[in-house]
Amino acid sequence: MRLGSSWRWQLSRAMRLVLRLALRLRRLCRPQEGGGGVGVRLSAAWRYGKLLLRSLYYNSLTNSDTLLDCAFEPVYWIVDNVTRWFGVVFVCLVVLLTSSVVIIIYLFVLPTIFSSYPAHWIAWHLCCGHWLLILVVFHYYKATTTSPGHPSKDKRDVPSVSICKKCITPKPPRTHHCSICSLCILKMDHHCPWLNNCVGHLNHRYFFSFCLYMTLGCVYCSVSSRNLFLDAYSAIEVSSVEVQSTSFQTPPPDLSPRESVGHKCIIFLWVLTSSVAVALGGLTLWHAKLISRGETSVERHINRKEARRLQGNGKVFRNPYHHGRLNNWKLFFGVETRSHWLTRVLLPSSHPPGGDGLLWDRPSTSSDGPMAI
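Residues numbered from 1 in each chain as written. Predicted model: local features only at pLDDT ≥ 70, side-chain atom pairs only at ≥ 80, totals over all residues. Heavy atoms only, no water.

Moving on, we come to the packing of aromatic side chains. Per the stated rule, a full pass over the model turns up 13 aromatic pairs. Relative to W194, the ring of F90 has its centre 4.6 Å away and its plane inclined at 25 degrees; by these criteria the two rings are stacked. Of this pair, F90 sits in helix α3 (residues 64-116) while W194 sits in the loop between β5 (190-192) and β6 (197-199), and the two are 104 residues apart along the sequence. Residue F90 is classed as partly exposed on the basis of its relative accessible area, which comes to 23%. Ring geometry for W131 against Y213: centres 5.8 Å apart, planes inclined by 80 degrees, an arrangement best described as edge-to-face. Of this pair, W131 sits in helix α4 (residues 119-145) while Y213 sits in helix α5 (residues 204-224), and the two are 82 residues apart along the sequence. According to the relative accessible area criterion, W131 is partly exposed, its value standing at 32%. (Phe/Tyr/Trp six-rings, centres within 6.5 Å; stacked < 30°, edge-to-face > 60°. Helix = DSSP H or I, 4+ residues; strand = E, 2+ residues; numbered from the N terminus. Buried < 20%, exposed > 50% of the residue type's maximum accessible area, 1.4 Å probe, protein only.)

Our focus in this paragraph is unusual backbone geometry. The residue R174 is not glycine, and still its phi comes out positive at about 65 degrees. For R174, the location among the structural elements is in the loop between β2 (170-171) and β3 (176-178). Phi is positive for N196, close to 55 degrees, though the residue is something other than glycine. Residue placement: N196 occurs in the loop between β5 and β6. Judged by relative accessible area, N196 falls into the partly exposed class, the value being 31%.

Under the defined criterion, the tally for this structure stands at two salt bridges. The salt bridge partner of E299 is R174, with a shortest N-O separation of 2.6 Å. Taken together, the positions of E299 in helix α8 (residues 297-312) and R174 in the loop between β2 and β3 put the pair 125 residues apart, joining distant regions of the chain. Given a relative accessible area of 5%, R174 falls into the buried group. With its nearest N and O atoms 2.5 Å apart, the salt bridge here joins R309 to E306. In this pair, R309 and E306 both sit in helix α8, three residues apart, roughly one turn of the helix. Look at R309 and you get partly exposed, because its relative accessible area is 45%. (Salt bridge = Lys/Arg side-chain N within 4 Å of Asp/Glu carboxyl O.)

Before going further, it helps to examine the packing of α4 against α5. Direction vectors running N to C along α4 and α5 enclose 150 degrees, while the axes themselves pass 8 Å from each other. Classified by the angle between their axes, α4 and α5 sit roughly antiparallel to one another. Viewed along their axes, α4 and α5 form a crossing whose handedness is left-handed. (Axes fitted to C-alpha atoms, helices over the stretch in contact; angles between N-to-C directions. Parallel < 35°, antiparallel > 145°, perpendicular 65-115°, else oblique. Left-handed = near helix turned anticlockwise from the far one by under 90°.)

It is worth spelling out helix α9 (residues 325-333) at this point. Among all positions in α9, only N328, W329, F332 and F333 are buried. Buried residues of α9, seen end-on, are gathered within an arc of 115 degrees and therefore sit on one face of the element. In α9, those exposed residues whose orientation departs by more than 90 degrees from the buried face are L326 and L331. At its buried positions, α9 is contacted by α5, α7 (257-293) and α10 (340-346). Just downstream of α9 lies G334, where phi reads positive at about 75 degrees. (Arc of directions from axis to C-beta. Contact = heavy atoms within 4.5 Å.)

Another aspect to go through is α7. Within an α-helix, residues lying three or four positions from one another point in the same direction, as the helix has 3.6 residues per turn. For α7, with 37 residues, the first-to-last C-alpha span of 53 Å sits near the 54 Å given by 1.5 Å per residue. Immediately downstream of α7, the backbone of G294 shows phi near 70 degrees, a positive value. (Expected span 1.5 Å × (residues − 1).)

Take a nonpolar patch on the surface next. Together, W77, I78, V82, W85, F86 and V89 give the surface a local cluster of nonpolar side chains, amounting to about 570 Å² of exposed area. Mapped onto the elements of the fold, W77 is located in helix α3. Its relative accessible area of 34% is what places W77 among the partly exposed residues. (Patch = residues over 30% accessible without salt bridge, like charges linked within 9 Å, V, L, I, M, F, W, Y side chains within 5 Å. Areas by Shrake-Rupley, 256 points an atom, 1.4 Å probe, with all protein chains shown as cover.)

This part covers the nonpolar core. Of all hydrophobic cores here, the largest spans 44 residues; its most connected members are L195, F208 and F333. The set of elements that each furnish at least two residues to this core consists of α3, α4, α5, α6 (226-244), α7 and α9. Per-element tally for this core: the top contributor is α5, with ten residues. Among residues more than four places away in sequence, those in contact with F333 are R205, F208, S209, W341, R344, V345 and H351. Counting residues in each nonpolar core, the second largest holds five residues, with C178, I180, M188 and C198 among its members. (Core = buried A, V, L, I, M, F, W, Y, C linked by side-chain atoms within 4.5 Å.)

In structure tokens:
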């Protein structure tokens, strides 16, 4: 049953039960010959009402949490659909802001570099800037268009650790259900609205590489345009102060429309890239920490709960998918030889991740430990 029809069916069922309760109360409160008093009839009506109320949510496999889930299903439905719709807006916003930064650099920053920088610095800026631009565009495109990976619903021999309550299908290890995509995602990390896509087994590397190179690109733009930003800010501030001043000082030379627009664009460029570098840099560091531990964002919360539970029993939790920091990074980037650090990490590469996302290698030291699912 789909989510939208589920809560409507629950509401219809509740209304029918309330109507039955009202009719039953009316029948019980009606005077009857040889029947008990009003108190007896009200007691019977109360017991009947409790039975009807429990029938809304009770069975041998559920509890009060199920009732809360049913009550909040309309809210979940609204949030999921709004997030799905806003994903398109966020993708357009990323493309628009990135394009505006590139246009400003080509129109106002590069001409200044060509006219005032020595040859070796010009070569450096051209190579480094275009290298970062290519990597950002490549990884963002791959992260948004690559499917995160889903368990097959046709195969019956899929290894599983539980059953998905939404899909009613076997759920392999490290697989979780995304309520926004309405699908189970292999090695799900999170649903990213800036990609309008889930981050999972097949596109996790593209997502992290995009965050990393976008952060490096913003830091590069912020540092490179710092002097231009200070000059532009000073020119605009002095111009505005002189216009408002009533003293008889010599006015500064008027700025041409192109110079005025250029100053404002450079200020916009520096503020935007500096803000994104700080915000996205924090997110990148957080995901780098998770990758070093062999975890995803979802598994981080699960493992912390499991660690607290085992600590209360005098035991220590070990992540069954932690192969050591360096090995975790090699598995994540698909590095098998030294040359892969260049061809698969520092250059655009569309190689698939290792494994099928259904079975996972586990170190022998943690083969007997609790498994994070």
